[in-house]
Amino acid sequence: MHHHEPPGNLAPHIPADAYQRAQATGQPVVIVVNNEPTGFPWRRILIPFAIAGAVVAGGWGLAAALCWLMDVAAHTATAIAGAVAGPIGVGGVTLKLFSSKNK
């Protein structure tokens, strides 16, 4: 008795009894593949929603990063103002951060 391997990738999709009957009788096995999509095309709708969700998440991330950057800038300005407590000059522009109450 010879053992024959089923052809290629189609073997797992052929019922065992149909394959054995075809081997015994020499009858061909006809495989019908349905290429028509059945049901609702979810991929056509889900991809735009996935893209929109990624854009929204990126926008929130950008807003959070800008808030963090402003917070760090405010803390830095406060630290500099606390350390200097006088006018700060950069390139000819002088900023008076705190004015003394005693004039």
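Residues numbered from 1 in each chain as written. Predicted model: local features only at pLDDT ≥ 70, side-chain atom pairs only at ≥ 80, totals over all residues. Heavy atoms only, no water.

## Observations concerning the overall build of the protein chain
Helix and strand content of the protein chain: two helices and two strands. Secondary structure elements of the protein chain, listed N to C terminal, follow the sequence α-α-β-β. The buried share of the protein chain, reckoned over its 103 residues, is 6%. Counting every atom, the protein chain has about 9,500 Å² of accessible surface; 66% of that belongs to carbon and sulfur. (Helix = DSSP H or I, 4+ residues; strand = E, 2+ residues; numbered from the N terminus. Buried < 20%, exposed > 50% of the residue type's maximum accessible area, 1.4 Å probe, protein only. Areas by Shrake-Rupley, 256 points an atom, 1.4 Å probe, with all protein chains shown as cover.)

## Some thoughts on a nonpolar patch on the surface
Among the surface-exposed residues, Phe40, Trp42, Ile45, Leu46 and Phe49 lie close enough to one another that they form a single nonpolar patch of about 570 Å² accessible area. Along the chain, Leu46 turns up in helix H2 (residues 42–84). (Patch = residues over 30% accessible without salt bridge, like charges linked within 9 Å, V, L, I, M, F, W, Y side chains within 5 Å. Salt bridge = Lys/Arg side-chain N within 4 Å of Asp/Glu carboxyl O.)

## A few points about the confidence of the model for the protein chain
Scored by pLDDT, the protein chain has a mean of 76; 63% of the residues are at 70 or more. Across the protein chain, H2 holds the top mean pLDDT of 90, while strand S1 (residues 87–90) sits lowest at 62. (pLDDT = per-residue confidence, 0-100.)

## Some remarks on helix H1 (residues 16–25)
Of the positions making up H1, those classed as buried are Ala18, Tyr19 and Ala22. Buried residues of H1, viewed axially, fall in a sector of 100°; they line one side. In H1, the exposed positions that point more than 90 degrees away from the buried face belong to Ala16, Gln20, Ala24 and Thr25. (Arc of directions from axis to C-beta.)

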